[in-house]
Amino acid sequence: MPPHTALLNLDILEEVFSHLRSRSVEDREDRVALARAARVCTWFCEPALRALWWGLPGVGPALRLLVHLGLLHNVSSKPHEFHFELNDAQNAGVETRGDASSDHWKRFSEYTAYTRVIFKGRAYTISSGVYIYLSYKSRGRSLFPNLLDLIWFSPSINHLELLLLVTPLLPRLEVCWGDEGRWPPALVTQTWTRGREGTSALDTLLQTSASRLARLEILEIKALSHRGPLLEQSWESFSQFHGLRVLHVDHSCLVTDITSLRSLASLPLISDIHLSVALEVPFSHLDFCGFPSLHMLHLDISGPMDPRFLNIFDCPGLRSLSLAYLNAPQEVMQDILRTIAALFPRLRSLSLVTRHRQPSEIPREVVPRPAFETVFGQLIGTCTEIEEFTLHLPRGMVVSRADDRQLELLAQSWPKLRTLSLVASFSGRITHDTLVTLSRHCPELRTLHLRGVSFLNLTEEKCKEIISPSTHPLEQLEVCSARVGDSTLAALFLRHLFPSLRAPNVAWVCPGRCDAPTRDCAIAMTTIVRLQDVQRRRMLRKPRVLPSGHAEARVRRERQSGSAGPSSAPSSGAVKLRQ
């Protein structure tokens, strides 16, 4: 029986198999399905192989193909570890089996030309002779000439391997290196140790690969171990990426010199920057401005720094600003917020996080608490388009004096709020009235995080007075160190105020976990939300169905009452309609 004509159309087959392309390591079942489809028949082979090689979990599958073709050798005896080396004949400089090596390489090049995406896969090791051999066979060109997205993961940086993968047309590159499973904290300490081997390898990588990445648009560098700052020549290599739009680098590219920022400021199209900064220079040396196209800025700041440092990023188009401080003193918070309000009045997203290395370093001394208007007055009066606001401070740092009236002023000033994560300590008392205020003045609020809200004065009579069923779209509510008296009453309060509130599937972790919080930090609030969710489900439950005997008796009574009355006779219109 001949096959259906649809199976003989390559365009249809490629469209079907394209839905099974791999984009992450979790898509293993799709890769197995494509490998099986390629062995079904001749018509399936070519489109299935195209979809199978479109996305690869690392460079390992390509190297294992070379092992299968007899061009390389895996000397590792373990099933899930790979160490690739050359064969004995290739070490001696002799081509094996006549022209068979050239045919195998041609077949390998045909498959690698299908690859568009390489994502993170298993780690492997390669001997130095393999790089030389592959570079000779590819004539110095990339092994994947049509690559569009590369996530290169390696335990140790070797620029020779990366040079075999990148192409002049590559738009996105992500470099991950180090010992897997040992991610350092988000913020590094001010003192660092310069590791010669790791840092020099990263310097060499940037300086040698910059000339081959002429059209790079997105660059991300992540290290799994601590390293020191880059050399000045490495930062100058960033200036060669004239089309770079997104730059995310962690502590492995720590900015410690003003020259590094000058090199980045010369990039004309960059719009998204994530940097780790440990810079101690006088404000008089920051005499330049750059980044004309900047829209998003994230800075991990370690050590003392003048808030006027942000003048470098004074761009009218900046919409999102995120600052993560390590050991920021309490007195600096007021200057930081004032500087942000003066430089970026059109902000839509603002995040300010302060962490301490150890709980003992949290300031505990009693200092005068400034007023809420002194700290936040200029910010809420100038930045009126805020949609997302995050302020996470240690438990022992009291930012200002504030109560329900001051938070009502904040809600009135930012009616477009969608996310409010105000996990900070205030010297005043915050009660459930703040939730009522936010529901009234912020109709688009979806996520709300607070600290120290008190439900102790909440009574049933008070709920009936101030609460009426609403349609507020709030979906997530978490309160650190909530003070709750009657959990059932608090759940009733939240059910009327936020009917769309859902119980979290995963337990919420308080951002103050680095301050060694108590065990019941969020237990009370989780109990309230779960009770509220149970009550909501009961209201949405379907009406109770009567047993068959009760239903028949009800129908019989309705028929008897209907036949006795004059209305039981059908109308003339109904008779005509039936006829």
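Because the structure is predicted, anything quoted here is derived from the model rather than measured. (Residues numbered from 1 in each chain as written. Predicted model: local features only at pLDDT ≥ 70, side-chain atom pairs only at ≥ 80, totals over all residues. Heavy atoms only, no water.)

### Concerning the sheet that holds strand β3 (residues 83–86)
Phase 1: Spatially, β2-β3-β5 is the arrangement adopted by the three strands of the open sheet, whose pairing is mixed. A strand with exactly one partner marks an edge of an open sheet, and here the two such strands are β2 (72–74) and β5 (125–126).
Phase 2: Two strands pair when backbone bridges link them, and β2 and β3 are joined in this way by three bridges, in the antiparallel orientation. Within the sheet, the bridge partner assigned to asparagine 74 lies in β3 and is phenylalanine 84.
Phase 3: Against the sheet, helix α4 (residues 60–68) engages β2, β3 and β5, with an angle of about 105° to β2.
Phase 4: This element, helix α7 (residues 128–137), spans β2, β3 and β5 of the sheet and lies at about 60° to β3. (Pairing = 2+ DSSP bridges. Helix = DSSP H or I, 4+ residues; strand = E, 2+ residues; numbered from the N terminus. Contact = heavy atoms within 4.5 Å. Axes fitted to C-alpha atoms, helices over the stretch in contact; angles between N-to-C directions.)

### Quick look at the confidence of the model for the protein
Phase 1: For the protein, per-residue confidence averages 78 on the pLDDT scale, and 74% of positions sit at 70 or higher.
Phase 2: In this model residues 514–520 is a low-confidence stretch, pLDDT under 50, and it forms ten contacts with partners more than four residues away in sequence or in other chains.
Phase 3: Predicted confidence for residues 563–579 stays below pLDDT 50, and this span has three contacts to residues more than four positions away or in other chains. (pLDDT = per-residue confidence, 0-100.)

### Comments concerning helix α2 (residues 28–38)
Phase 1: What α2 keeps buried is the set Arg31, Leu34, Ala37 and Ala38. Mapping the buried residues of α2 onto a view down its axis gives an arc of 125°, with all of them on the same face. Seen from the open side of α2, the exposed residues pointing more than 90 degrees away from its buried face are Arg28, Glu29 and Arg36.
Phase 2: Packing partners of the buried residues in α2 comprise α1 (10–17), α3 (42–54), β1 (55–57) and β4 (117–119). (Buried < 20%, exposed > 50% of the residue type's maximum accessible area, 1.4 Å probe, protein only. Arc of directions from axis to C-beta.)

### Some details on the side chain of threonine 112
Phase 1: Within the secondary structure layout, threonine 112 lies in helix α6 (residues 100–112).
Phase 2: Polar side-chain contacts of threonine 112 include one of 3.0 Å to the backbone oxygen of leucine 143.
Phase 3: Excluding its chain neighbours within four sequence positions, the residues that come into contact with threonine 112 are Trp53, Leu143, Phe144 and Pro145. (Polar contact = N/O pair within 3.5 Å; in protein donor to acceptor, adjacent residues only side chain to side chain.)

### Some details on the layout of surface pockets
Phase 1: Taken as a whole, the largest pocket spans an internal volume of roughly 730 Å³.
Phase 2: Lining the largest pocket are 22 residues, and of these Arg31, Leu52, Pro57, Pro61 and Arg64 sit closest to its centre.
Phase 3: Breaking the lining of the largest pocket down by element, the ones donating at least two residues are α2, α3, β1 and α4.
Phase 4: Ranked by the residues each element gives to the lining of the largest pocket, the list is headed by α2, at five residues.
Phase 5: Here the lining of the largest pocket is composed, by residue class, of 14 nonpolar, three polar and five charged. (1 Å grid on protein atoms, 1.4 Å probe; cavity = no way out; pocket = protein on both sides within 12 Å on 5 of 7 lines; lining within 4 Å. Points joined across faces, edges and corners; volume = space filled by probe spheres on them. Nonpolar A, V, L, I, M, F, W, Y, C, P; charged D, E, K, R; others polar.)

### Some remarks on the packing of aromatic side chains
Phase 1: Following the criterion strictly, the structure yields twelve aromatic pairs and no others.
Phase 2: Considering the side-chain rings of tyrosine 111 and tyrosine 114, the 6.5 Å spacing of their centres and the 45° angle between planes classify their relative orientation as tilted. Considered together, tyrosine 111 and tyrosine 114 belong to a single accessibility category, that of buried residues.
Phase 3: A centroid spacing of 5.0 Å and a plane angle of 25° characterise the contact between phenylalanine 291 and phenylalanine 313, whose relative ring orientation is stacked. (Phe/Tyr/Trp six-rings, centres within 6.5 Å; stacked < 30°, edge-to-face > 60°.)

### Overview of unusual backbone geometry
Phase 1: Phi is positive for arginine 139, which is not a glycine, with a value near 60°.
Phase 2: One can find arginine 139 in the loop between α7 and β6 (149–154).
Phase 3: Overall, the relative accessible area of 73% leaves arginine 139 in the exposed class.
Phase 4: A positive phi angle, close to 55°, is found at serine 481, a residue other than glycine.
Phase 5: In this structure, serine 481 sits in the loop between β21 (476–480) and α17 (487–497).
Phase 6: Look at serine 481 and you get partly exposed, because its relative accessible area is 22%.

### Remarks on the environment of isoleucine 218
Phase 1: Within the secondary structure layout, isoleucine 218 lies in strand β8 (residues 218–223).
Phase 2: Residue isoleucine 218 is classed as partly exposed on the basis of its relative accessible area of 25%.
Phase 3: Isoleucine 218 sits 27 residues away from arginine 245 along the chain, and the two C-alpha atoms are 6.0 Å apart.
Phase 4: In contact with isoleucine 218, not counting residues within four places along its chain, are Pro171, Arg172, Leu173, Leu244 and Val246.

### Details of the pattern of salt bridges
Phase 1: Enumeration over the complete set of coordinates arrives at nine salt bridges.
Phase 2: In this structure, the salt-bridge partner of glutamate 14 is arginine 50, at a minimum N-O distance of 3.9 Å. One end of the pair, glutamate 14, is in helix α1; the other, arginine 50, is in helix α3, and 36 residues separate them in sequence.
Phase 3: Overall, the relative accessible area of 38% leaves arginine 50 in the partly exposed class.
Phase 4: As a salt-bridge pair, arginine 418 and glutamate 444 come within 3.5 Å of each other at their nearest N and O atoms. One end of the pair, arginine 418, is in the loop between α14 (404–413) and β16 (419–423); the other, glutamate 444, is in the loop between α15 (433–441) and β19 (447–451), with 26 residues separating them in the sequence.
Phase 5: Accessibility expressed as a relative area gives 38% for arginine 418, which makes it partly exposed. (Salt bridge = Lys/Arg side-chain N within 4 Å of Asp/Glu carboxyl O.)

### As for the pairing of strand β10 (residues 272–277)
Phase 1: β10 sits mainly inside the fold: five of its six residues count as buried.
Phase 2: Across three bridges, strand β9 (residues 246–249) lies against β10 in parallel orientation. Counterpart to histidine 248 in the pairing with β10 is histidine 274.
Phase 3: The handedness of the β9 to β10 crossover, carried by helix α11 (residues 258–265), is right-handed.
Phase 4: Inspection of the sheet shows β10 paired to strand β11 (residues 296–302) by six bridges, in the parallel sense. (Right-handed = clockwise from strand over helix to strand, strands pointing away.)

### As for a nonpolar patch on the surface
Phase 1: Where nonpolar side chains cluster on the molecular surface, the patch consists of Leu8, Leu10 and Trp43 and spans about 270 Å² of accessible area.
Phase 2: Residue placement: leucine 10 occurs in helix α1. (Patch = residues over 30% accessible without salt bridge, like charges linked within 9 Å, V, L, I, M, F, W, Y side chains within 5 Å. Areas by Shrake-Rupley, 256 points an atom, 1.4 Å probe, with all protein chains shown as cover.)

### Focus on the pairing of β11
Phase 1: Here β11 lies mainly inside the structure; five of its seven residues are buried.
Phase 2: Where β11 meets strand β12 (residues 320–326), seven bridges bridge the pair, whose relative direction is parallel. Along β12, the bridge assignment pairs methionine 296 with serine 320.

### A few points about helix α13 (residues 372–382)
Phase 1: Here α13 has its buried residues at Phe372, Val375, Phe376, Leu379 and Ile380. Burial along α13 is one-sided: seen end-on, the buried residues are contained in an arc of 100°.
Phase 2: Summarising the contacts, the buried residues of α13 are in contact with α12 (332–343), β13 (349–355), β14 (388–392), β15 (398–400), α14 and β17 (425–426).

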